[in-house]
Amino acid sequence: MNAHQAVTQGEPVVVDRAGKPKLPGTDVMVRFAGVTKTYPHRRGKPGVEALCDVDLEIGRGAITGIIGRSGAGKSSLVRLINGLEKPSGGRVVVDGREISRLTGADLRLAQRSIGMIFQHFNLLSSRTAAQNIALPLEIAGWSRTDIARRVGQLLALVDIADKRDRYPSELSGGQKQRVGIARALATRPDVLLSDEATSALDPQTTRSILDLLSTINRELGVTIVLITHEMSVVRQLARDVVVIDAGRIVERGEVADIFTAPKHPTTQAFLGEVLGEAVPLSLANRLQPAPVAGGQAVLRVAVRGAVAADTVVARLSRALDADVALLAARIDEIGGRHVGSLIVGVPAARAEQALAQLAQSRIEGEHLGYVA
Amino acid sequence: MSRDLINLIVEATWQSLYMVSLSALLGTFLGAPLGIFLATSRKGELFAAPFANLILGTIVNATRSTPFIILVVAIIPFTRLVAGTSIGSSAAIVPLTVAATPFIARLVEAAIREIDGGLVETAASFGATPLQIVIKVLIPEALPGLVLALTLAVVSLLGYSAMVGAVGGGGLGDLGIRYGYQRFMPEMMLAVVVVLIALVQAVQTLGDHLARRLNRRLRHR
Ligand SMILES: Nc1ncnc2c1ncn2[C@@H]1O[C@H](COP(=O)(O)OP(=O)(O)OP(=O)(O)O)[C@@H](O)[C@H]1O
Ligand SMILES: [Mg+2]
């Protein structure tokens, strides 16, 4: 029995886009096992433990957002993935290779299958767009003709073919990041790391870059690791999210699950940034602790995925057999589910009843106060 | 001014240009790699070799702090060893090169250190070797700065070359001292100064122009 038969007779072999047979259990692209990263002390400053005992799996072909405050250790984490830093303890495995143990030529070879884009683009000012994209190919020792052909494809992929001979100083931020993306993809990497790649861009440009990344993930099957401190970026693009705080992973899972039921305070704070405080200032100023005759009780009704926001008010009104005033609302869609809160007014005397009704329907409610 | 005097000036100008251009060339040949090494060999840098960095840095500083005229005299045995003689324009190239090398090294180091460390890291993330980083990133990105550094070095060498008259190096400075000062010919002194000014202007203008041309498409982010 030859090798070919062995393959065709057994279980169907899954082949990834590069034609490499995918071994069972290789749906994980990046794995951190007990990773610690400590920067040594320098000139009187004490050492910094940037990452502490991190266990993490990043799915093959997925877009994973890594979100955390400034100094949380996000950049340290990506720099471990592409081997720019070595962990102080633990292992980092990328596509089955333990990159944390590779050195020299082996490391450099492995790095060619990991692309990276940067907040400040990091383009060479002395090279045109096309020449910047060619850089990783020159480094990898491609021939001139192969480079020319590949650069042409990449320019088209990121939609800046007309800017090929422009220098970075002649490009807008969005165009520069497109060059950065093309350059990162030049050697056909399996993983694309993005460290705050949209943080220096305006919202509209951010949107178009995120769309481009989404297309790249979908059409090329590139695994994307997205570092950001902006919830909105994770929400628009990522399937999975990892929340990191002070060097530790505090919450992780699918975006839709994590952000519809955030548990850790950091996650809740990030969510608050997207959803805002919901209670308008003018209303908050009028809130009183005691009921006012003929006034309303003000409730906050949490909308968390399972709750259909559009029917909540109607159902409450029917259950109380009274008018329910919609005072304010902030609803967002995260991973296809509604998340946010409604601020409603019910007759002052019915507050308890309304809360009980909400509790019965497993909806979170909060009594904020009373207004006249 | 007589024909003879004009001939003297022309000859001295050629001697100066010969000494300066050759020592600038040799100084660049030796100083540029040294400068690149100094810029990339501290702890945690591309070619991390802190000890070698310290030693070379100290030697560079020592050479730089020795007054040129003392250097010329002090290394006469070395000059004789290298050039076969310690007299004449060709011999003068030795001390000029010895002075130019550490000077150019420091200028090159400064120009290379100007480059954003993020670019080095970017290239490293593509799996570039340290040498590839130097050739493909550091040198091209530093080019306008390097051109200005070399311009400065050439102008300084023109000044230094005036002092090598002390060892019979000839050149414009020597002419100025011997005729203008010792034989008290103010018109000769004036002529020498005018030619030197013209040379410095020409070199500086050329260097500025070149740097600006290289720079136009660069920087101004
Ligand atoms: N090379 C380094 N040497 C010493 N300390 C470092 C180094 N790099 C990072 N740190 C420290 O490690 C901690 C984590 O830094 P890191 O850059 O990973 O954070 P981050 O989450 O990317 O922050 P930001 O959002 O500001 O980029 C910080 O306290 C930082 O000061
Ligand atoms: Mg960072």
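If you're wondering where the values come from, they're calculated on a predicted model, not measured in any experiment.

Analysis parameters
- Residues numbered from 1 in each chain as written.
- Chains lettered and ligands numbered in written order.
- Predicted model: local features only at pLDDT ≥ 70, side-chain atom pairs only at ≥ 80, totals over all residues.
- Heavy atoms only, no water.
- Helix = DSSP H or I, 4+ residues; strand = E, 2+ residues; numbered from the N terminus.
- Buried < 20%, exposed > 50% of the residue type's maximum accessible area, 1.4 Å probe, protein only.
- Contact = heavy atoms within 4.5 Å.
- Areas by Shrake-Rupley, 256 points an atom, 1.4 Å probe, with all protein chains shown as cover.
- Phe/Tyr/Trp six-rings, centres within 6.5 Å; stacked < 30°, edge-to-face > 60°.
- Lys NZ or Arg CZ within 6 Å of the ring centre and 35° of its normal.
- Pairing = 2+ DSSP bridges.
- Axes fitted to C-alpha atoms, helices over the stretch in contact; angles between N-to-C directions.
- Buried area = accessible area lost by both parts, 1.4 Å probe.
- Salt bridge = Lys/Arg side-chain N within 4 Å of Asp/Glu carboxyl O.
- Polar contact = N/O pair within 3.5 Å; in protein donor to acceptor, adjacent residues only side chain to side chain.
- Nonpolar A, V, L, I, M, F, W, Y, C, P; charged D, E, K, R; others polar.
- Near = heavy atom within 4 Å.
- pLDDT = per-residue confidence, 0-100.
- Expected span 1.5 Å × (residues − 1).
- Bend = angle between axes of the 7 residues up to and from the residue.
- Patch = residues over 30% accessible without salt bridge, like charges linked within 9 Å, V, L, I, M, F, W, Y side chains within 5 Å.

Student: How would you explain the overall build of chain A if you had to name every residue and give the values?
Tutor: Per the secondary structure count, chain A includes 13 helices and 14 strands. Across the 372 residues of chain A, 49% fall into the buried class. Taking the intrachain contacts of chain A between residues at least 6 apart in sequence as the baseline, contacts between residues at least 24 apart amount to 69%. As displayed, chain A offers around 17,700 Å² of accessible surface, 49% of which is attributable to carbon and sulfur atoms.

Student: Could you give an account of the packing of aromatic side chains, naming the residues involved and the relevant values?
Tutor: Applying the stated rule across the entire model yields one aromatic pair over all chains. On the numbers, 4.6 Å between centres and 5 degrees between planes, the contact of Phe-68 of chain B with Tyr-160 of chain B is stacked. Residue Phe-68 of chain B is found in helix α3 (residues 68-74), and its partner Tyr-160 of chain B is found in helix α7 (residues 130-161); the two are separated by 92 residues along the sequence. Classification of Phe-68 of chain B as buried rests on a relative accessible area of 7%. Tyr-160 of chain B gets classed as partly exposed once you look at its relative accessible area, which sits at 24%. We note Arg-69 of chain A situated over the ring of Phe-270 of chain A; from NZ or CZ to the ring centre the distance is 4.5 Å. When the ring centre of Tyr-179 of chain B is taken as origin, the NZ or CZ atom of Arg-183 of chain B, which lies over that ring, is 4.2 Å away.

Student: Now, about the sheet that holds strand β11 (residues 296-304) of chain A: what can you tell me, with residues and values included?
Tutor: In sheet architecture, strand pairing relies on hydrogen bonds along the backbone and comes in two forms, parallel and antiparallel. All names here are of chain A. Here four strands make up an open sheet; going across it, the order is β12-β13-β11-β14 and the pairing antiparallel. Of all strands in the sheet, those with a lone pairing partner are β12 (325-334) and β14 (365-371), marking the two edges. Here the average twist between neighbouring strands, direction ignored, is 15 degrees. Where β12 meets strand β13 (residues 337-347), nine bridges bridge the pair, whose relative direction is antiparallel. If you follow Asp-332 over to β13, its bridge partner there is Val-339. Sheet strands in contact with helix α13 (residues 351-360) are β11, β13 and β14, and its direction is about 160 degrees off that of β14.

Student: Any chance you could break down the interface of chain A and chain B for me, citing the residues and the numbers?
Tutor: When the parts of a complex come together, some accessible area is lost, and that lost area is often taken as the interface size. On the chain B side, the residues contacting the 22 residues of chain A number 21 residues. Between chain A and chain B, roughly 2,100 Å² of surface is buried when both sides are summed, and carbon and sulfur atoms account for 56% of that area. Salt-bridge contacts for Lys-136 of chain B lead to Glu-138 of chain A; the nearest nitrogen and oxygen are separated by 2.9 Å. Across the chain A-chain B interface, the total number found is seven residue pairs in polar contact (both at pLDDT 80 or more). Mapped by element, the contributors of at least two residues to the side of chain A that touches chain B are α3 (104-111), β6 (114-118) and α4 (129-139) of chain A. When its residues are assigned to classes, the side of chain A that touches chain B shows 10 nonpolar, six polar and six charged.

Student: For the site of ligand 1, give the residues involved together with the corresponding values.
Tutor: Residue and element names in this part refer to chain A. The immediate surroundings of ligand 1 are formed by Tyr-39, Val-48, Ala-50, Arg-69, Ser-70, Gly-71, Ala-72, Gly-73, Lys-74, Ser-75, Ser-76 and Glu-196. One of the side-chain nitrogen or oxygen atoms of Ser-70 is found 2.5 Å away from an oxygen atom of ligand 1. At the level of secondary structure, the elements contributing two or more residues to the shell around ligand 1 comprise β2 (48-59) and α2 (74-81). Looking at the shell around ligand 1, the element that brings in the most residues is α2, giving three residues.

Student: Please set out the confidence of the model for chain B residue by residue, giving values where relevant.
Tutor: When the pLDDT values of chain B are averaged, the result is 91; 96% of them are 70 or greater. In the predicted complex, the global pTM is 0.84; the interface-specific ipTM is 0.88.

Student: Tell me about helix α5 (residues 89-113) of chain B, and name the residues and values.
Tutor: For α5 of chain B, built from 25 residues, the straight-helix expectation of 36 Å at 1.5 Å per residue is met to within 8% by its first-to-last C-alpha distance of 35 Å. The largest bend along α5 of chain B reaches roughly 25 degrees and is located at Leu-96 of chain B.

Student: Which residues make up a nonpolar patch on the surface, and what are the values?
Tutor: All names here are of chain B. Among the surface-exposed residues, Ile-177, Tyr-181, Met-189, Val-193 and Ile-197 lie close enough to one another that they form a single nonpolar patch of about 470 Å² accessible area. Of all the secondary-structure elements, those providing two or more residues to the nonpolar patch are α8 (172-182) and α9 (186-216). Looking at Val-193, the relative accessible area reads 38%, which means it is partly exposed.

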